[in-house]
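Listed here are the chains, written in short residue letters.
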Amino acid sequence: MSVNFVSIIAKPKITITTNPFLVSSPLLFFSNKTKMKPSILTAFSSMSYDKELAAAKKAASLAARLCQKVQKAILQSDVQSKSDKSPVTVADYGSQALVSYVLQRELPSELFSLVAEEDSEDLRKDGAQETLERITKLVNDILASDGSYSDSILSADDVVKAIDCGKSEGGSRGRHWVLDPIDGTKGFLRGDQYAIALALLDEGTVVLGVLACPNLPLTSIAGGGSHHSLPGEVGCLFFSVAGGGTYMHSLDSSSAVKVQVSSIDNPEEASFFESYEAAHSMHDLSSSIAKKLGVKAPPVRIDSQAKYGALSRGDGVIYLRFPHKGYREKIWDHAAGYIVVAEAGGVVTDAAGNPLDFSKGRYLDLDTGIIVTNQKLMPSLLKAVRESIEEKVPSL
Ligand SMILES: Nc1ncnc2c1ncn2[C@@H]1O[C@H](COP(=O)(O)O)[C@@H](O)[C@H]1OP(=O)(O)O
Ligand SMILES: [Mg+2]
Ligand SMILES: [Mg+2]
Ligand SMILES: [Mg+2]
């Protein structure tokens, strides 16, 4: 199948074909035999996902550039409300279009499936033409600034199509990219933390994750120090491949350092992250858990999956997330953060201690909430969570 998806001046075609590598590759072998020795896992994963990792890093970095540009000069008309009342901006759409386009350009021989947050429905309504034009210009400006696709100028229609590639249902078969083009839109609008979160699912398992956090300081934010950084010291990109560890570098350079979760095993020395927005997570439940556990420090409240990134390098040891009743977690809100923490030696489970299952489609079916910490603290954290939930059952 060949898809003439983008109006390109020289009109090269993007050919989307099934990758023969998928059928016979060691990746299937890897995902069906999860008990393989770590050394073998490392060899397979770093061998198998190099191209995908490079493409994902490029896509997330360009999307971060677009978001930074918009955050500096956000206009009132750039922000809209979705049907669930959550905000969406030209940067959310532009970031999704850019990542979708870059992945397809960088990986032309792979079958492309993308599970992503945004769709173009509102952009196709009467009166949205100006917004769509602004998004199209933003995407083209970023592509031009990068210089690697100088043959391409996307039309508004191309941008809509790139956004709508994100409608895949995901699942347990084959490969699916998972994208939150801006995670933490409310933080983005406040000028605070947000992330571009991109992961790859292979046979239902998260095998690769890239988390670009344009406002996260390069040095630790332990104790809430994020507000004191100079502009040049912010902007991190975390990346992980299954079995290969987690690395971080500045958004402006590619010299990476390996990161590791904190090894603190005394809760009295631990600090914990939670949502900035009380509407996203029950702060009273988190504080009762922290108290039960013996945590002394106040919560560090920041937006988005930047919490996973900060935890992966040991800025804090615990992340507690308890959405209000009726909220269903989506896979794009956790996939990249999950692998970044897991590969740095951390543990991510639901509130009952079950591993997260990303293979069930666009949503995560889970028990009550998501908890994250290091291996040593997990048993006592789970106990504190269980006890606090039992005490609070009527309000859950
Ligand atoms: N009512 C809600 N409860 C929990 N999470 C929400 C809710 N509304 C939006 N979110 C999502 O929660 C995440 C931000 O959480 P945090 O509180 O950790 O910053 C984002 O993915 C955000 O979506 P979005 O990607 O649109 O920003
Ligand atoms: Mg949103
Ligand atoms: Mg999100
Ligand atoms: Mg989002």
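Residues numbered from 1 in each chain as written. Chains lettered and ligands numbered in written order. Predicted model: local features only at pLDDT ≥ 70, side-chain atom pairs only at ≥ 80, totals over all residues. Heavy atoms only, no water.

## Quick word on the sheet that holds strand β12 (residues 272-274)
Sheet strands pair by backbone hydrogen bonding; their relative direction is either parallel or antiparallel.
Inference 1: The sheet built from five strands is open, its strands ordered β13-β12-β14-β16-β15 with mixed pairing. On the outer flanks of this sheet lie β13 (300-301) and β15 (346-350), each paired with one strand and no other.
Inference 2: Strand direction decides the pairing type here: β12 and β13, joined by two bridges, are parallel. When the sheet's bridge partners are listed, E274 is paired in β13 with R301.
Inference 3: Here helix α11 (residues 335-342) sits on the sheet and contacts β15 and β16 (370-374); the angle it forms with β15, its principal contact strand, is near 140 degrees. (Pairing = 2+ DSSP bridges. Helix = DSSP H or I, 4+ residues; strand = E, 2+ residues; numbered from the N terminus. Contact = heavy atoms within 4.5 Å. Axes fitted to C-alpha atoms, helices over the stretch in contact; angles between N-to-C directions.)

## Some details on the coordination of the magnesium ion (ligand 4)
Inference 1: Surrounding the magnesium ion (ligand 4) are the protein donor atoms E117 (OE), D180 (OD) and I182 (O), at 2.0 to 2.2 Å.
Inference 2: Of note, the magnesium ion (ligand 4) draws all its donor residues from one chain, in the sequence arrangement E-x62-D-x1-I.
Inference 3: Between the magnesium ion (ligand 4) and the magnesium ion (ligand 2) the interatomic distance comes to 3.6 Å, and E117 is a ligand of both metals. You can see E117 sitting in the loop between β5 (114-116) and α6 (129-146) and its partner D180 sitting in strand β6 (residues 175-183), a full 63 residues away along the chain.
Inference 4: Residue classification places D180 among the buried positions, given a relative accessible area of 1%. (Donors = N, O, S within 2.8 Å, 3.2 Å for Na, K, Ca; no water. Buried < 20%, exposed > 50% of the residue type's maximum accessible area, 1.4 Å probe, protein only.)

## Description of the UniProt feature "binding site: Mg(2+)" (unreviewed entry) in the chain
Inference 1: When the UniProt feature table is mapped to this numbering, "binding site: Mg(2+)" (unreviewed entry) covers E117, D180, I182, D183 and D333. A stretch of 217 residues holds the annotated residues, and the largest C-alpha distance among them is 9.7 Å, short enough that they meet in one place.
Inference 2: The contacts of E117, once residues within four sequence positions are left out, are K82, Q96, L179, D180, P181, I182, W332 and R362.
Inference 3: In terms of polar contacts, E117 uses its side chain to reach the side chain of K82, at 3.0 Å.
Inference 4: With near-sequence residues (within four places) excluded, D180 lies in contact with E117, A195, I196, A197, W332 and D333. (UniProt positions renumbered as here; feature names shortened; annotations may be inferred. Polar contact = N/O pair within 3.5 Å; in protein donor to acceptor, adjacent residues only side chain to side chain.)

## Let's talk about the side chain of S95
Inference 1: Among the secondary structure elements, S95 is positioned in helix α5 (residues 90-106).
Inference 2: Here P181 takes part through its backbone oxygen, which lies 2.8 Å from a polar atom of the side chain of S95.
Inference 3: Non-local contacts of S95, meaning those with residues more than four positions away in its chain, are made with A63, L66, C67, P181 and I196.

## Topic: the environment of R124
Inference 1: Counting through the fold element by element, R124 comes out in the loop between β5 and α6.
Inference 2: Expressed as a C-alpha distance, the spacing of R124 and V160, which sit 36 residues apart in the sequence, is 8.4 Å.

## Structural notes on the environment of Y308
Inference 1: Structurally, Y308 can be placed in helix α10 (residues 306-312).
Inference 2: With 29 residues separating them in the primary sequence, Y308 and G337 have C-alpha atoms 5.1 Å apart.
Inference 3: Side-chain polar atoms of Y308 contact the side chain of H334, separated by 2.7 Å.

## Some remarks on a nonpolar patch on the surface
Inference 1: Together, I74, V79 and L189 make up an exposed nonpolar region whose accessible area comes to about 180 Å².
Inference 2: With relative accessibility at 31%, the residue V79 sits in the partly exposed group. (Patch = residues over 30% accessible without salt bridge, like charges linked within 9 Å, V, L, I, M, F, W, Y side chains within 5 Å. Areas by Shrake-Rupley, 256 points an atom, 1.4 Å probe, with all protein chains shown as cover. Salt bridge = Lys/Arg side-chain N within 4 Å of Asp/Glu carboxyl O.)

## Quick look at the packing of helix α4 (residues 50-72) against α5
Inference 1: Viewed as axis vectors pointing N to C, α4 and α5 meet at an angle of 155 degrees, and their least axial separation amounts to 9 Å. Viewed along their axes, α4 and α5 adopt a mutual orientation that is roughly antiparallel. Remark: the crossing between α4 and α5 carries right-handed chirality. Of the residues in α5, those touching α4 at A55, A56, K58, A59, L62, A63, L66, C67 and V70 are V90, A91, G94, S95, L98, V99, V102, L103 and E106. (Parallel < 35°, antiparallel > 145°, perpendicular 65-115°, else oblique. Left-handed = near helix turned anticlockwise from the far one by under 90°.)

## Observations regarding the coordination of the magnesium ion (ligand 3)
Inference 1: The protein atoms that coordinate the magnesium ion (ligand 3) are D180 (OD), D183 (OD) and D333 (OD), at distances of 1.9 to 2.1 Å.
Inference 2: A separation of 5.4 Å is found between the magnesium ion (ligand 3) and the magnesium ion (ligand 2). With a gap of 150 residues between them, D183 in strand β6 and D333 in the loop between β14 (318-321) and α11 connect regions that are remote in the sequence.
Inference 3: Take D183: its relative accessible area is 8%, and that puts it in the buried class.
Inference 4: You can call D333 buried: its relative accessible area is 11%.

## Brief notes about the nonpolar core
Inference 1: Ranked by internal contacts, the top residues of the largest apolar core, which has 94 residues, are W177, I196, L208 and L211.
Inference 2: Residue contributions to this core peak at eleven residues, all from α4.
Inference 3: Among the domains, domain 1 (2-259) and domain 2 (267-395) are the pair contributing at least three residues each to this core.
Inference 4: If sequence neighbours within four positions are ignored, I196 has contacts with A60, A63, A64, C67, S95, L179, D180, P181, V210, L211, A212 and P214.
Inference 5: V295, V317, I318 and M378 belong to the second-largest nonpolar core, a separate cluster that totals 21 residues. (Core = buried A, V, L, I, M, F, W, Y, C linked by side-chain atoms within 4.5 Å. Domains from an automatic or database assignment.)

## Brief notes about the pattern of salt bridges
Inference 1: What the rule picks out here adds up to 26 salt bridges.
Inference 2: The partner of R190 in a salt bridge is E277, and the shortest N-O contact between them spans 2.6 Å. One end of the pair, R190, is in helix α8 (residues 185-190); the other, E277, is in the loop between β12 and α9 (283-293), and 87 residues separate them in sequence.
Inference 3: For R190, a relative accessible area of 31% gives the class partly exposed.
Inference 4: In this structure, the salt-bridge partner of D365 is R328, at a minimum N-O distance of 3.8 Å. You can see D365 sitting in the loop between β15 and β16 and its partner R328 sitting in the loop between β14 and α11, a full 37 residues away along the chain.
Inference 5: A relative accessible area of 44% means that R328 is categorised as partly exposed.
Inference 6: What emerges from the salt-bridge pattern is a single network uniting K51, E52, E110, R175 and D202.

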